[in-house]
Each structure stands twice: as structure tokens, then as C-alpha cells.
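Structural description and commentary
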Amino acid sequence: MPYLWYKAFHLIGVVVWFAGLFYLVRLFIYHVEADAEPEPASSILKNQYQIMEKRLYNIITTPGMLVTAAMAVGIITTEPEILKSGWLHIKLAFVAVLIGYHFYCGRLMKQLEKGECQWTSKQLRALNEAPTLLLLVIVMLAVFKNSFPTNIAPWLVFGTVVLMAATIQLYARKRRLDKERELTEASQS
């Protein structure tokens, strides 16, 4: 029975952690875009985003990561033979990359606070897709285990990357066209 409790809270931790990571980088995008606003709006927005970023990172995202890791240890203590599974070693390697991403986001947050972040909003949009790819691979490894579909999984990941890149480009085009339309309407007024 403890295994099921560990597994349930492991999944809850994963959901919380990923929700935080997805929203955190979205806040970074807005934070960077606030530079384009006139004062005092720019300062007000950046201050608000800093507060939101810190709270999200410290109160939601990091605890989600810690619960995920603690419950994974619990699962392993109740099912130690799982450590012999090759799929788990690969999954843990991807989780290590995700943890690195998590702490890199914390570093970006500090750079934004100091006004030292060099990332553009477009670059941050691309960075925001990294956890999606990691989630895709990690979940597939957890579900398929030793039956991981190596024939189709790389194509699925590649297709996801292409779809995300196309979506980012289309959204950038839409924003540019909207801005051009606004400028045209403002000049006609």
C-alpha cells in the first residue's frame, strides 16, 4: 500500500512541478516584453513579474520538484528491484536534465531581477518548450518501460519540435501583423 501512496504523490508532484515550470518561463517572456512599455508601466510590470516569479518558483515549482523527488525515493524503497531496470536509468538521466532546467530558470529569474538577462522574448518562447519535450520522453519511458517504442518515439519527439517551432513562428507573425495593424489604425486616427 505505501507504494501506491508514493506513486500518487509522485504524480501530483510532477503535475505541480511542470505547471510551475511552464508558467515561470511564460512570466519571463512577459517580464522581458515589459521593457518595450513606456514608464511608469514598464517598472510597475517588471516589479509585479518579479514578485510573481519568486512566489511561483519558491512556493509552487520548487516544492513540486522536491515532492516529486521524495516520492520517487519512496517508490524505490518499496520496490528496490526497479533500480535494475534500464528504462529507469534513462528516465533518471532526463529527470537530471529537467532539474538542471529548473535551476537554470532560477538563475534566469535572478538575472531578470538585476536587469542582466540577455534572452529575447522569442528565445524564451523556445526555451519554454523544453519541459514539454522532457515531459513527453519521461512519461513515455514511465509508461512503456522496457517496451519503449524506439521506432516511433524519435519521430514523435521530432514532430513535436517541428510543431512547436512552427507555432512559435506563426505566433510571432501574428503579433507582428497585429502591431502593424495597430500602428496603421493609430496613424489614421
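Look above for the structure.
Residues numbered from 1 in each chain as written. Predicted model: local features only at pLDDT ≥ 70, side-chain atom pairs only at ≥ 80, totals over all residues. Heavy atoms only, no water.

1. Quick notes on the overall build of the chain
Cut-off, in case you're wondering: Note on conventions: DSSP H or I runs of at least 4 residues are helices, E runs of at least 2 residues are strands, and numbering of each starts at the N terminus. Each residue is assigned to one of three classes by its accessible area relative to the maximum for its type, calculated with a 1.4 Å probe on protein chains only: buried under 20%, partly exposed between the two thresholds, exposed over 50%. In this description, accessible areas are obtained by the Shrake-Rupley approach with a 1.4 Å probe, and a residue is regarded as covered only by the protein chains that are shown. Neither His nor the chain ends contribute to the count of charged residues, in which Lys and Arg are positive and Asp and Glu negative. Charge placement uses NZ in Lys and CZ in Arg. For Asp and Glu, CG and CD serve respectively.
Per the secondary structure count, the chain includes 6 helices and 0 strands. Listed by position from the N terminus, the elements making up the chain come as α-α-α-α-α-α. Along the longest, intermediate and shortest principal axes, the C-alpha atoms of the chain span 70 × 35 × 25 Å. Counting across all 189 residues of the chain, residues that qualify as buried make up 32%. Per element, the accessible surface of the chain, about 11700 Å² overall, is 67% carbon and sulfur. In the chain, 19 positive and 14 negative side-chain charges are present, and the distance between their average locations comes to 6 Å.

2. Describing the packing of aromatic side chains
The condition is simple: Two rings from Phe, Tyr or Trp (for Trp, the six-membered ring) form a pair when their centres are within 6.5 Å of each other. A pair whose planes differ by under 30 degrees is stacked, one over 60 is edge-to-face, and the rest are tilted.
The tally for this structure, following the rule as stated, stands at 6 aromatic pairs. Ring centres of Trp17 and Phe18 lie 6.1 Å apart, and the angle between their planes is 50°; on these two criteria the pair is classed as tilted. Each ring, one from Tyr30 and one from Tyr49, has its centre 6.1 Å from the other, and the planes form 35°; the classification is tilted. You can see Tyr30 sitting in helix α1 (residues 2-33) and its partner Tyr49 sitting in helix α2 (residues 41-78), a full 19 residues away along the chain. Through a chain of ring-to-ring contacts, three or more aromatic side chains come together here, namely Trp17, Phe18 and Phe22.

3. Observations regarding the side chain of Thr62
Our working rule: Any pair of N or O atoms that falls within 3.5 Å is considered a polar contact. Within protein, one atom must be able to donate a hydrogen and the other to accept it, and sequence-neighbouring residues count only if both atoms are side-chain atoms. Contact criterion: two residues are considered in contact whenever any of their non-hydrogen atoms come within 4.5 Å of each other.
Along the chain, Thr62 falls in helix α2. When its relative accessible area of 17% is taken as the criterion, Thr62 is described as buried. Here the side chain of Thr62 touches His102 through a polar contact of 3.1 Å, side chain to side chain. The residues touching Thr62, leaving out its near neighbours within four places in the chain, are Tyr57 and His102.

4. Overview of the environment of Met71
Looking at the secondary structure, you find Met71 in helix α2. Taking the C-alpha atoms as reference, Met71 lies 8.3 Å from Gly13; in sequence the two are 58 residues apart. Discounting chain neighbours no more than four positions away, the residues touching Met71 are Tyr6, Phe9 and His10.

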